[in-house]
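One letter stands for each residue in the lines below.
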Amino acid sequence: MNTLLPTSTAVHEEEAQKQPTNYNNNHVDADAGALFVLKSKGSWMHCGYHLTTSIVAPPLLSLPFAFTFLGWTAGILCLVIGAATTFYSYNLLSLVLEHHAQQGRRHLRFRDMARDILGPRWGRYFVGPTQFAVCYGAVVACILLGGQCMKAIYVLANPNGGMKLYEFVVIFGCLMLILAQIPSFHSLRHINLVSLILCLAYSACATAGSIYIGDSSKGPKRDYSIKGDTENKVFGIFNAVAIIATTYGNGIIPEIQATIAAPVKGKMFKGLCVCYVVLIFTFFTVAISGYWAFGNEASSLILTNFVDNGNPLLPRWFIYVTNIFTIVQLSAVGVVYLQPTNEVMEQAFGEPRRPEFSPRNVVPRLISRSVATASATTIAAMLPFFGDINSLIGAFGFIPLDFILPVVFFNLTFKPSKRSPIFWLNVTIAVVFSTVGAIAAVAAVRQIVLDAKDYRLFANV
């Protein structure tokens with residue numbers, strides 16, 4: 001990525017390197033959130049595990065569904081653009097973070113970064129709340145999806161069973177309640193390594209299952225035409241874009257980079273390379289094989305297509321294993337996206353001058369994290385249609401945080417020449433994705449209105 005920097009930026013970097021480097025957080029003045037949750041002890045490989053867990057998650061199983069609104073050409077093009085743009089923007093964000101760290105101001109949180117670059121109001125009233133909504137919404141979505149996968153196993157094993165969706169959501173929420181007590185982001189490194197393996201496993205299962213069904217007579221007759229009238233087709237395109245943007249979304253790049261031990265230079269790029277090797281393998285294979293096998297009948301979760309009216313199209317054990325892989329990885333994804341919430345609560349209730357595991361810090365930590373997880377579980381159980389709401393959060397949250405703000409931060413920090421290609425590339429990305437985000441938000445609101453007639457609290461869907 002450094003080869004893309006204009007000459008003025010390279011000079012700026014050289015000047016920054018001549019300045020005294022202070023990579024250590026100021027532990028005298030640091031708050032409990034920075035000290036206890038965002039510990040800077042990890043390697044670039046650990047960073048790769050965190051990135052992969054936060055991006056390569058079960059929402060990728062909805063990519064064939066996004067293709068039903070786009071078709072082959074536009075679908076693959078959107079996947080390529082999403083991969084290229086996010087890899088580029090995440091690297092820009094990392095370069096900005098490295099630059100400030102070399103100047104002795106290492107930012108550990110997205111809102112701190114926004115406050116320093118855009119001003120205090122942007123950090124407090126836009127970036128901070130937006131990130132919190134995105135991350136907490138992701139936790140709710142993980143708990144809901146975990147409950148749905150557990151119910152899928154139950155229904156397949158016991159078609160006449162009487163358990164409801166909200167019961168499985170509560171069971172998954174109990175697992176999350178235990179994992180939520182893991183003290184710091186860095187402590188998740190081994191869990192996130194397992195998560196990386198699991199995402200490869202269920203993606204391979206989803207791909208193999210789709211190919212098997214598509215190559216047999218069991219699947220539906222393949223039709224790749226786009227359904228609906230002109231209005232539905234247009235809004236469907238922007239719904240699909242929101243789904244893809246949310247799938248590529250991260251929203252916690254600064255917090256992940258905060259887990260890296262100093263010096264940080266170049267480590268995030270290596271971590272991103274690990275993540276995107278996994279991403280390219282999983283996203284493209286699942287999207288292409290799922291859409292090839294089921295066409296415009298691909299469901300919002302491709303695993304649902306493996307069962308037709310209660311009849312499994314694959315061996316039962318294969319469906320069980322795929323869902324179990326998905327459930328376990330969802331628990332890791334949920335606890336990763338709980339970290340910004342944990343950090344905020346630790347900052348509010350923790351005491352940085354007392355030991356991390358003193359009763360003064362352990363008791364508030366246990367209570368606050370338990371309340372946050374229980375609240376997310378309650379929302380997931382009450383609102384099983386949360387996917388519609390999450391699309392809106394994705395349009396308002398992931399697109400600004402992951403597509404727009406990184407290029408804005410880079411231009412404001414390094415001030416590349418207005419004659420340089422990188423300046424206009426960044427401006428183009430910001431303008432295009434601002435427009436796409438606004439239209440995707442309208443499309444998400446429209447979908448909520450259309451589906452509102454089917455909304456019921458604690459619905460057994």
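Here is what the cut-offs are and how they apply
Residues numbered from 1 in each chain as written. Predicted model: local features only at pLDDT ≥ 70, side-chain atom pairs only at ≥ 80, totals over all residues. Heavy atoms only, no water. Helix = DSSP H or I, 4+ residues; strand = E, 2+ residues; numbered from the N terminus. Contact = heavy atoms within 4.5 Å. Areas by Shrake-Rupley, 256 points an atom, 1.4 Å probe, with all protein chains shown as cover. pLDDT = per-residue confidence, 0-100. Salt bridge = Lys/Arg side-chain N within 4 Å of Asp/Glu carboxyl O. Buried < 20%, exposed > 50% of the residue type's maximum accessible area, 1.4 Å probe, protein only. Phe/Tyr/Trp six-rings, centres within 6.5 Å; stacked < 30°, edge-to-face > 60°. Core = buried A, V, L, I, M, F, W, Y, C linked by side-chain atoms within 4.5 Å. Axes fitted to C-alpha atoms, helices over the stretch in contact; angles between N-to-C directions. Parallel < 35°, antiparallel > 145°, perpendicular 65-115°, else oblique. Left-handed = near helix turned anticlockwise from the far one by under 90°. Nonpolar A, V, L, I, M, F, W, Y, C, P; charged D, E, K, R; others polar.

Peer 1: Any chance you could explain the overall build of the chain here in plain terms?
Peer 2: Across its full length, the chain carries 17 helices and two strands. For the chain, the C-alpha atoms occupy an extent of roughly 65 × 60 × 35 Å along the three principal directions. Taking the contacts inside the chain whose residues are at least 6 apart along the sequence as the reference set, 85% of them involve residues at least 24 apart. With the model as given, the accessible surface of the chain reaches about 19,100 Å², and the carbon-plus-sulfur share is 66%.

Peer 1: Can you walk me through the confidence of the model for the chain in this structure?
Peer 2: Confidence along the chain averages 88 in pLDDT terms, with 93% of residues attaining 70 or more. Ranking the helices and strands of the chain by mean pLDDT puts helix α11 (residues 267-294) first, with 96, and helix α1 (residues 7-18) last, with 40.

Peer 1: Would you mind going over the pattern of salt bridges with me for this structure?
Peer 2: Once the charged atoms of two side chains with opposite charge are near each other, the side chains can pair. Applying the stated criterion across every chain yields a total of 12 salt bridges. Glu 356 serves as the salt-bridge partner of Lys 39, at 2.7 Å between the closest nitrogen and oxygen. With Lys 39 in the loop between α2 (32-37) and α3 (44-55) and Glu 356 in the loop between α13 (339-349) and α14 (359-382), the pair connects residues that are 317 residues apart, well separated along the chain. Both residues of the pair, Lys 39 and Glu 356, count as buried. For Arg 365, the salt bridge goes to Glu 346, with nearest N and O atoms at 2.8 Å. With a gap of 19 residues between them, Arg 365 in helix α14 and Glu 346 in helix α13 connect regions that are remote in the sequence. Residue classification places Arg 365 among the buried residues on the basis of a relative accessible area of 6%.

Peer 1: Just checking my understanding: could you explain the packing of aromatic side chains for this structure?
Peer 2: How two aromatic rings sit relative to each other is given by the distance of their centres and the angle of their planes. Applying the stated rule across the entire model yields 18 aromatic pairs. Judged by centre distance (5.1 Å) and plane angle (85°), the rings of Phe 65 and Phe 69 are edge-to-face. With Phe 65 and Phe 69 both in helix α4 (residues 63-102), this residue pair falls four residues apart, about one helical turn. Among the aromatic residues, those joined into a ring-pair cluster are Phe 67, Trp 72, Tyr 224 and Tyr 291.

Peer 1: Just to check I follow, could you spell out the side chain of Thr 373 for this structure?
Peer 2: Within the secondary structure, Thr 373 sits in helix α14. A relative accessible area of 1% places Thr 373 in the buried class.

Peer 1: Help me understand the nonpolar core, please; the structure alone is not making it clear to me.
Peer 2: Within the largest apolar cluster, 120 residues are counted, with the highest numbers of intra-cluster contacts made by Leu 61, Phe 283 and Phe 409. For Leu 61, the contacting residues outside a window of four places in its chain are Tyr 202, Ala 206, Val 286, Ser 300, Leu 301, Ile 302, Leu 303 and Thr 326. Counting residues in hydrophobic clusters, the runner-up holds seven residues, among them Ala 242, Ala 395, Ala 440 and Ile 448.

Peer 1: When you look at the environment of Gly 48 in this model, what are you seeing that I'm missing?
Peer 2: Relative to the assigned elements, Gly 48 resides in helix α3. As for Gly 48 and Val 274, which are separated by 226 residues in sequence, their C-alpha atoms are 5.5 Å apart.

Peer 1: Where do I start with the packing of helix α7 (residues 165-179) against α14 in this structure?
Peer 2: When two helices pack together, their arrangement is given by the angle between the helix axes and by the axis-to-axis distance. Interaxial distance between α7 and α14 falls to 9 Å at its minimum, and their mutual angle equals 160°. Classed by the angle they form, the pair α7 and α14 counts as roughly antiparallel. Once α7 is placed against α14, the crossing between them reads as right-handed. The residues of α14 that touch α7, namely those facing Tyr 166, Val 169, Val 170, Gly 173, Met 176 and Leu 177, are Ser 370, Thr 373, Thr 377, Ala 380 and Ala 381.

Peer 1: Can you help me understand the packing of helix α6 (residues 120-157) against α14 in this one?
Peer 2: Following both chains from N to C, one finds α6 and α14 inclined at 60°, their axes separated by 8 Å at the closest point. Considered as vectors, α6 and α14 are oriented oblique to each other. The two elements α6 and α14 meet at a crossing, and its hand is right-handed. On α14, the residues that touch Tyr 136, Val 139, Val 140, Ile 143 and Leu 144 of α6 are Ala 372, Thr 373, Ser 375, Ala 376, Thr 377, Ile 379 and Ala 380. Per-class residue counts for the contact of α6 with α14 are nine nonpolar, three polar and no charged.

Peer 1: When you look at unusual backbone geometry in this model, what are you seeing that I'm missing?
Peer 2: If a residue is not glycine, its phi is most likely negative; likewise, a peptide bond is most likely trans. Residue Pro 263 follows Ala 262 across a cis peptide bond; omega there is -5°. Structurally, Pro 263 can be placed in the loop between α10 (253-257) and α11. For Asn 309, which is not a glycine, the phi torsion comes out positive at approximately 50°. For Asn 309, the position within the fold is in the loop between β1 (307-308) and β2 (311-312).

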